Amino acid sequence: MAKKTVSQKALLSGNEALAYGAYEAGLGVACAYPGTPSTEILETLAGFKDVDAQWSVNEKVAYEVALGAAVAGVRSLFACKHVGLNVAMDPLMTSSYTGVNAGFVIVVADDPGMHSSQNEQDTRWVAIYSKMPMLEPSSPAEAKQFIQEAFNLSERFDTPVMVRMTTRVSHTKEDVALGERRVPPKPAFERNAPKYVMVPGHAYQRHVLVEKRLVKLKALAERSRFNRVERGNGKLGFITSGVAYQYLKDVYPDASYLKLGMSYPFCDDKIKAFAKTVKKLFVVEELDPFLEEHVRTLGVKFTAKDPSFRIGELTPESMPQIVAGRAKREKKVAKRPPRLCAGCPHWASFAALKKMDAYVAGDIGCYTLASLPPTSALHSCLCMGAGVTWHEGWRRGAPDNKKIVGVVGDSTFVHSGVTGLINAAYNKAKGVILVLDNSTTAMTGGQQHPATGLTIRNEPTRKLILEDLCRACGADNVDVVDPMDVKAFAEILEKRVNEDALSVIVSRHPCRLLKR
Amino acid sequence: MKDTVYSITFGGIGGQGVLKASEICGWAALYAGYHIKKSEVHGMAQRGGSVESHLRFGKKVYSPLIVTGGADFLVCFHHDEQPRLKAFLKKDGVDLTDLLDKAQAAIDNPRCLNTALVGVLAPKLPIREECWMKAIETVFKPAVVAENKKVFLTGREIGRP
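Throughout what follows, the structure given in this document is the object of discussion. (Residues numbered from 1 in each chain as written. Chains lettered and ligands numbered in written order. Predicted model: local features only at pLDDT ≥ 70, side-chain atom pairs only at ≥ 80, totals over all residues.)

## Some thoughts on the packing of helix 4 (residues 113-121) of chain B against helix 6 (residues 142-159) of chain B
Residues and elements named next belong to chain B. Here is the rule: Each axis is a line fitted through C-alpha atoms, taken for helices only over the stretch in contact, and angles between the N-to-C directions span 0 to 180 degrees. Where helices and strands are cited, they refer to DSSP runs of H or I of at least four residues and of E of at least two residues respectively, numbered from the N terminus. To sort the angles, those under 35 degrees are grouped as roughly parallel, those over 145 as roughly antiparallel, those from 65 to 115 as roughly perpendicular, and the leftovers as oblique. Crossings are classed by handedness, with left-handed meaning an anticlockwise turn of the near helix from the far one by less than a right angle and right-handed meaning a clockwise turn. By definition, residue pairs are in contact when their C-beta atoms, positioned from the backbone, come within 7 Å.
Two elements in contact, helix 4 and helix 6, have axes separated by 6 Å at closest approach and are oriented at 40 degrees. The angle between helix 4 and helix 6 places the two elements in the oblique class. Helix 4 and helix 6 meet at a crossing whose hand is right-handed. Between helix 4 and helix 6, the contacting residues are Thr115, Ala116, Leu117, Val118, Gly119, Val120 and Leu121 on the first element and Asn148, Val151, Phe152, Leu153, Thr154, Gly155, Arg156, Ile158 and Gly159 on the second.

## Brief notes about the sheet that holds strand 13 (residues 280-284) of chain A
All names here are of chain A. Stated precisely, the cut-off is as follows: At least two DSSP bridges between two strands are needed for those strands to be called paired.
Spatially, the five strands line up as an open sheet ordered 9-11-10-13-14, and their pairing is mixed. Two strands close off the open sheet at either side, each with one partner strand: strand 9 (227-230) and strand 14 (303-304). Across five bridges, the pairing between strand 10 (residues 236-240) and strand 13 is parallel. Looking at the pairing, Leu236 lines up with Lys280 of strand 13. In this fold helix 13 (residues 290-297) packs onto strand 10, strand 11 (256-260), strand 13 and strand 14, with an angle of close to 140 degrees to the strand it touches most, strand 13.

## What about helix 10 (residues 200-223) of chain A?
The line we're drawing: Take the number of residues in a helix, subtract one, and multiply by 1.5 Å to get its expected span.
Taking 1.5 Å per residue as the helical rise, helix 10 of chain A with its 24 residues ought to reach 34 Å, and the 35 Å between its terminal C-alpha atoms agrees with that figure. Contacts made by the buried residues of helix 10 of chain A are with helix 7 (140-157), strand 9 and strand 12 (262-264) of chain A.

## A few points about the environment of Pro460 of chain A
All names here are of chain A. Heads up, the condition is: Around each residue's C-beta, the other C-beta atoms within 10 Å are counted; 20 or more make the residue buried, 12 or fewer make it exposed, and counts in between make it partly exposed. All C-beta atoms are placed from the backbone.
Structurally, the position occupied by Pro460 is in the loop between strand 17 (431-437) and helix 18 (466-473). A tally of 8 C-beta atoms within 10 Å means that Pro460 is categorised as exposed. Those residues in contact with Pro460 that sit more than four places away from it in its chain are Gly453 and Leu454.

## A word on the interface of chain A and chain B
Heads up, the condition is: Gly is placed with the polar residues, together with every amino acid not listed as nonpolar (Ala, Val, Leu, Ile, Met, Phe, Trp, Tyr, Cys and Pro) or charged (Asp, Glu, Lys and Arg).
Each partner contributes to the interface: chain A provides 32 residues, whereas chain B provides 29 residues. A breakdown of the residues in the side of chain A that touches chain B according to their chemical character gives 13 nonpolar, seven polar and twelve charged. By the bridge criterion, three bridges tie strand 8 (residues 172-177) of chain A to strand 2 (residues 35-39) of chain B in an arrangement that is antiparallel. Bridge assignment links Thr172 of chain A to a residue of strand 2 of chain B, and that residue is Ser39 of chain B.

## Remarks on the nonpolar core
Spelled out, the test is: By convention in this section, buried Ala, Val, Leu, Ile, Met, Phe, Trp, Tyr and Cys residues joined through C-beta atoms within 7 Å make up a nonpolar core. Domain limits in this description derive from either an automatic procedure or a database domain assignment.
Formed by 153 residues in total, the largest nonpolar core has its most connected members in Ala66 and Val107 of chain A together with Leu117 of chain B. With ten residues, helix 1 (residues 18-31) of chain B is the single largest residue contributor to this core. Here this core spans two domains, since at least three of its residues come from each of domain 1 (9-223) and domain 2 (227-323) of chain A. Residues Ala377, Trp394, Ala442 and Leu469 of chain A belong to the second largest nonpolar core, which totals 51 residues.

## A look at the sheet that holds strand 12 of chain A
All names here are of chain A. Strand order across the open sheet formed by seven strands is 3-2-4-5-7-6-12, with mixed pairing between neighbours. With partners counted over all chains shown, the strands left at the sheet margins are strand 3 (52-55) and strand 12, one partner each. In the packing of helix 3 (residues 59-71) onto the sheet, the strands contacted are strand 2 (29-32), strand 4 (76-81) and strand 5 (104-110), and the crossing angle to strand 4 comes to about 160 degrees.

Put into structure tokens, the structure is as follows:
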């Protein structure tokens, strides 16, 4: 489990540091669905025997289980990537009203620059939308410190607390000091309908409390050391957060800084006071103009980055360009693109689809790489589960096209493809769904899921049988074929595509990277 | 400890052990008492794509990324990646790609290229031998520690001025 250490120090990534910090804060239950750049948080937590860690079926489930554990009295954590948080938005929004009992922390890892994502949404807006506090570490050492404080804040203000990471903070490693685990006294688990039964009458009263809580949190933001002033020579001042702070410090060591560790609520008085101490003020942040738009409402004079910098990741090179008021200069460097591994079973599945000239509704996983040359045989990637539902939508929108096929991975099918299949059967859709079953969550590094029959700790558990599940959903035909058996696979695909039925073909061959 | 920050860019393609190499250096710097920031990218990059890792260590380090023209050393695992990565080097930075073929030729097990290249780099950094050895013990499974220590020493001979 724990890494080897010297004088209680370890070289930890931001994600590992979060896990160690939560562990030391007495974390009891942790839930997540894998997603780059957040995956290592749960992988690290699973190494601690006294943490009840799980890969959940999807983010909504993970959020609810973890929140439930907090309500029942143990410190709990939910981790996800930015788009994963979208899946959990339903419980998230109302959990702002219910609040917690023991501390509950949401860790969300954004992916500026889309190293491994389908969009670069800026999760900081969710803090405003949900009226919940958000902390934003700028380094692994801060991540470890902030998550410990997040649990305290959660209990003190009876609210879930968000800790927003970015790829660059999650996947930077830093030497981090380790400490002892301290489990706080367990609060009582009590029935409390006005707090936990969110029917309109109760929810109205809770909303009143949420607004009061926000006022108190704002007062905290004003005096908190999360929002730190570093006095420089007063000529140049930066209001900044996250990894942008680190880039700026290298380039402008003599400037003044208001480094915001608490992204929300905003510390308006501190911002206004800081602005008065510097001659020229800049707001520098990655992605959206989140701080920029708020600071503008305060009547403070400042310069923000050119809008071209809202796209993609900031780098140390961006800093002088932003200060000079220039637009982003795109560097065109030819990087070797990722591709499916040699011998990957997906090659075989997509070779058959390419041969039949299929219109392929795709999904999210390694197989999304089949959209790239030389295969170029996957034609959509929207979100988890959309391989199944776009297949239905395309069939409804283009009823004469008999070459529409949906593909979805095994883990992705369990995550959110299954509801789409039930929908297709219920609404009398026809067509062919390929479940590309490589028996792991491959894209994120090979995590277990219900259909592998193993838990996050590789312990045997009840195994979900995908073909049985597909039959129960209402598919007319369910075949299980090895795509490496090229002839048999092509035959069954040809047969099913030409039938007037809803068919699932489980294309089953284990990932080459699986440890056997 | 001086205020100097050492910046090293490691690069290659997925599966070559680029991240492992920067991991060894990171732990060695940790054992030597430095503050460390090391950046890497996971996910898609593992699928045979370009992989790079930046390591910076010193008394106090801010940015985990090395600025263009800011690296003291370039440790490159693949000649194809060198033209792209050399932009990171300082004007007087040292490009160890020149020693890549020599390191490759000197080892029996191609999987140990990462440790060999760390060995090539080692004589140029202010980190004591015991720290390197401890780092290798930390990063590798016990079964392959001895082999990697040997490869490290082979690489170090190549890297000596």
